[in-house]
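If you want the building blocks of each chain, they are given just below.
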Amino acid sequence: MTGANRGIGAAIAQGLAERGMTVVVGARDAASGERTAQRLGGRAVPLDVTDDGSVRDAVAHVQQWYGRLDILVNNAGIAGGGVGQLAGDVDLAVMRTVFDTNLFGVVRLTEAFLPLLRKADGARVINVSSGTGSLTWQSDPGHAFASTGVALAYPASKAALNMLTVLYAKALAADGIAVNAVAPGATATDFTAALGLSLERTAEQGAAIAVHLATVPAGPTGVFLQDDGPVPW
Ligand code: NDP
């Protein structure tokens, strides 16, 4: 899984390990990934989702260690800061960076790991999205998101990720690979702290829906879920 060294990703990794799964901890910082993997009894791979070579190496390691991948958790994500991202003040360079991680990173990982996912029996891809990527919620004047000043890049990248989830779910159904998106909910992590948010929801709570989707027998495909049920696309 990606971004497994801290925040919601570390909590997902912990939840999966506690349920007896072997977790491959993907982390940009190799030392931090190794520490997490040691704690969880898993293995670590240095992994930057924006770097083709890094992704290729990660695939080669998983191929060599296990010969297959049962679950791909695409968790790594960035906000791109708030600067220059409001309507009328968009910095395209920042926007490209956000899309490279939140969207193209997921494509990169999914494409690269597909051969190993196909070797598993009933593999799953879990994309960590965000409720801010819901077109339904964003276009509802009564919803909380509609009244907040939101930098454009992040929700747009997550909306595109949601579309990608639907398309991959359809495309990979014949392979028996389930592809779903989750909304962790507003959670206290470095990500939200950097945005100046003070939140009560813990990383474990934010991770719960991904852990559920990873472990529920005969899970769904092509859905967008939060704790209490589906999120409207
Ligand atoms: P954090 O900032 O705490 O953690 C982000 C993780 O992503 C880190 O492990 C970071 O690695 C990793 N990461 C960032 N860029 C890359 C990259 N290029 N390659 C590999 N790893 C990368 O964020 P959260 O835990 O809060 O967020 C995790 C996911 O949950 C994100 O996709 C976010 O959009 C989503 N989310 C979070 C919400 C919240 O309220 N916190 C709400 C809704 C969705 P490193 O340590 O190297 O920086």
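Residues numbered from 1 in each chain as written. Predicted model: local features only at pLDDT ≥ 70, side-chain atom pairs only at ≥ 80, totals over all residues.

Where an unreviewed UniProt entry is consulted, the protein chain appears under the name Dehydrogenase, with the organism given as Paractinoplanes ferrugineus. Turning to the protein chain, the UniProt record has this under Sequence similarities (unreviewed entry): "Belongs to the short-chain dehydrogenases/reductases (SDR) family." (UniProt positions renumbered as here; feature names shortened; annotations may be inferred.)

### Here's the deal with the site of the ligand
Around the ligand there are 28 residues in total, and Gly3, Gly7, Gly77, Thr189 and Phe191 lie nearest to it. Broken down by secondary-structure element, the contributors of at least two residues to the shell around the ligand are α1 (7–18) and α7 (190–194). A class-by-class count of the residues in the shell around the ligand yields nine nonpolar, 14 polar and five charged. (Near = placed C-beta within 6 Å. Helix = DSSP H or I, 4+ residues; strand = E, 2+ residues; numbered from the N terminus. Nonpolar A, V, L, I, M, F, W, Y, C, P; charged D, E, K, R; others polar.)

### With respect to the sheet that holds strand β6 (residues 224–226)
Read across the open sheet, the five strands follow the order β3-β4-β5-β6-β7; overall the sheet is mixed. On the outer flanks of this sheet lie β3 (71–74) and β7 (229–230), each paired with one strand and no other. Of the pairings in the sheet, the one linking strand β4 (residues 124–128) to strand β5 (residues 178–182) comprises five bridges and is parallel in character. Bridge assignment links Val128 to a residue of β5, and that residue is Val182. (Pairing = 2+ DSSP bridges.)

### Some points on unusual backbone geometry
In this structure, Ala218 is a non-glycine residue whose phi angle is positive, near 45 degrees. Within the secondary structure layout, Ala218 lies in the loop between α8 (203–215) and β6.

### Quick word on the nonpolar core
In terms of nonpolar packing, the biggest core is built from 59 residues, with Ile12, Ala13, Val25, Ile126, Val182 and Ala210 touching the most fellow members. With eight residues, α8 is the single largest residue contributor to this core. Discounting residues that sit within four places of it in the chain, Val182 has contacts with Ile126, Val128, Ser129, Ile209, Ala210, Leu213, Leu225 and Gln226. Among the nonpolar cores identified, the runner-up in size contains six residues, and Ala79, Ala151, Ala153 and Tyr154 belong to it. (Core = buried A, V, L, I, M, F, W, Y, C linked by C-beta atoms within 7 Å. Buried ≥ 20, exposed ≤ 12 C-beta atoms within 10 Å, placed from the backbone. Contact = placed C-beta atoms within 7 Å.)

### Looking at the packing of α1 against α8
Running from N to C, α1 and α8 point in directions that differ by 50 degrees, and their axes come no closer than 8 Å. The orientation of α1 relative to α8 falls into the category oblique. As for how α1 packs across α8, the hand of that crossing is right-handed. Here Gly7, Ile8, Ala10, Ala11, Ile12, Gly15 and Leu16 of α1 come into contact with α8, specifically with Ala203, Glu204, Gly206, Ala207, Ala210, Val211 and Ala214. (Axes fitted to C-alpha atoms, helices over the stretch in contact; angles between N-to-C directions. Parallel < 35°, antiparallel > 145°, perpendicular 65-115°, else oblique. Left-handed = near helix turned anticlockwise from the far one by under 90°.)

### Here's the deal with α8
Compared with an ideal rise of 1.5 Å per residue, which puts 13 residues at 18 Å, α8 spans 18 Å between its outermost C-alpha atoms and is within 8% of the ideal. At Ile209, α8 is bent by approximately 35 degrees, the largest bend along its length. Taken together, the buried positions of α8 are occupied by Ala203, Gly206, Ala207, Ala208, Ile209, Ala210, Val211, Leu213 and Ala214. Its buried side turned inward, α8 meets α1, β3, β4, β5 and β6. (Expected span 1.5 Å × (residues − 1). Bend = angle between axes of the 7 residues up to and from the residue.)

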